[in-house]
Amino acid sequence: MIGIIDYGMGNLFSVSQALKRLEVPYFISEDKEELMKADRLILPGVGAFKDAMDRLNETGLSEMIIEFVQTGKPLLGICLGMQLLFEESEEHGLTKGLGLLPGRVVHFPGVTQEGITYKVPHMGWNKLLFKQDSPILDSIEEDFVYFVHSYYVVTDDPTVIIAESNYDVQVPAVVGRGNVFGMQFHPEKSGKTGVKLLTNFTQFSGEKVVAS
């Protein structure tokens, strides 16, 4: 059973509909005890990093997420939910994240090194470029997925980048370590590739990782 974390800032409908199409049992909840009983958790998210962390901290869900990960059960962050897995974000002032993965969330420059401006937010289909093997990429080829974001992750640890995409800068698109995974794009809106990525997550057995 997959628990979808409801903290008031998630794309709950689209994620739940994707799981329904996969015929994977799920529930949506903000109750910490109920969520801890799930086999896997999904942390969705749309909006601002600071607002999201404020809500997670106020409700005690941030502590629950870290405790859940320490049990070895799998966690998936989607879009803003992926960014929340990292140490901090510069969005609306420096804000501490969940610290499950090393890195900082920063704003797209909006201008290339050659001085050419480009559109922010990054919206549309971009190709995944695989960086390393991972069970989350099982039976998947490099293909296009759907992004909507103005911020992206920078990290000094390349081992957490499973796949990236180019949008002026190299954008970590699929990240992970142990039983913690994140997708910057929306797998539920990314056609067959997104469906397969979600399927792989639902079938991942788990591997213990401790929050840094």
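Preceding this paragraph is the structure being described.
Thresholds applied
Residues numbered from 1 in each chain as written. Predicted model: local features only at pLDDT ≥ 70, side-chain atom pairs only at ≥ 80, totals over all residues. Heavy atoms only, no water. Helix = DSSP H or I, 4+ residues; strand = E, 2+ residues; numbered from the N terminus. Buried < 20%, exposed > 50% of the residue type's maximum accessible area, 1.4 Å probe, protein only. Polar contact = N/O pair within 3.5 Å; in protein donor to acceptor, adjacent residues only side chain to side chain. Contact = heavy atoms within 4.5 Å. Pairing = 2+ DSSP bridges. Axes fitted to C-alpha atoms, helices over the stretch in contact; angles between N-to-C directions. Patch = residues over 30% accessible without salt bridge, like charges linked within 9 Å, V, L, I, M, F, W, Y side chains within 5 Å. Areas by Shrake-Rupley, 256 points an atom, 1.4 Å probe, with all protein chains shown as cover. Salt bridge = Lys/Arg side-chain N within 4 Å of Asp/Glu carboxyl O. Lys, Arg positive; Asp, Glu negative; His and termini not counted. Charge placed at Lys NZ, Arg CZ, Asp CG, Glu CD. Expected span 1.5 Å × (residues − 1).

J.: Please explain unusual backbone geometry as it appears in this structure.
T.: What you tend to see is this: most non-glycine residues have negative phi, and most peptide bonds are trans. The omega angle of the peptide bond from V120 to P121 is 15 degrees, so this bond is cis rather than trans. Even without glycine at this site, E23 takes up a positive phi of about 60 degrees. Here E23 shows up in the loop between α1 (12-21) and β2 (26-29). According to the relative accessible area criterion, E23 is exposed, its value standing at 73%. Residue C79 is not a glycine yet carries a positive backbone phi of 60 degrees. Within the secondary structure layout, C79 lies in the loop between β4 (75-78) and α5 (80-83).

J.: Would you mind showing me how to read the side chain of E164 here?
T.: Summarising the element assignment, E164 is placed in strand β12 (residues 161-167). Since its relative accessible area comes to 11%, E164 is described here as buried. Separated by 2.7 Å, the side chains of E164 and Q170 make a polar contact. When near neighbours in sequence (up to four residues on either side) are disregarded, E164 contacts K127, L128, L129, K131, Q170, V171, P172 and A173.

J.: Got a minute to help me understand the environment of G97 in this structure?
T.: If you trace the backbone, G97 turns up in the loop between β6 (95-96) and β7 (101-107). You can call G97 buried: its relative accessible area is 8%. Look past the residues within four positions of G97 in its chain and what remains in contact with it is F49, M53, L84, F86, E87 and E88.

J.: How should the sheet that holds β12 be read in this particular structure?
T.: Paired through backbone hydrogen bonds, the strands of a sheet run either parallel or antiparallel to each other. With mixed pairing, the eight strands of this open sheet are ordered in space as β2-β1-β3-β4-β14-β13-β12-β9. Strands at the two margins of the open sheet, each flanked by one partner only, are β2 and β9 (129-130). Bridging between β4 and strand β14 (residues 180-183) involves four bridges; their strand directions are parallel. Across the sheet, residue L75 finds its bridge partner in β14, namely V180. Those strands touched by helix α4 (residues 61-70) are β1 (2-5), β3 (40-43), β4 and β14, and its axis lies near 140 degrees from that of β3. On top of the sheet, helix α6 (residues 191-203) reaches β1, β3, β4 and β14; it is set at about 140 degrees to β3, its chief contact.

J.: What should I look at first to understand a negative patch on the surface in this one?
T.: On the surface, E30, D31, E33 and E34 cluster together to form a negatively charged patch. With respect to the element layout, E30 can be found in the loop between β2 and α2 (32-36). Overall, E30 belongs to the exposed group, its relative accessible area being 58%.

J.: Quick question: what am I supposed to make of α6 here?
T.: Residues spaced three or four apart along an α-helix face the same direction, because each turn holds 3.6 residues. With 13 residues, α6 should reach 18 Å at 1.5 Å per residue; the first-to-last C-alpha distance of 19 Å fits that figure. Residues T193, G194, L197, L198, T199, N200, F201 and T202 constitute the buried set of α6. At its buried positions, α6 is contacted by β1, α1, β3, β4, β10 (144-149) and β14.

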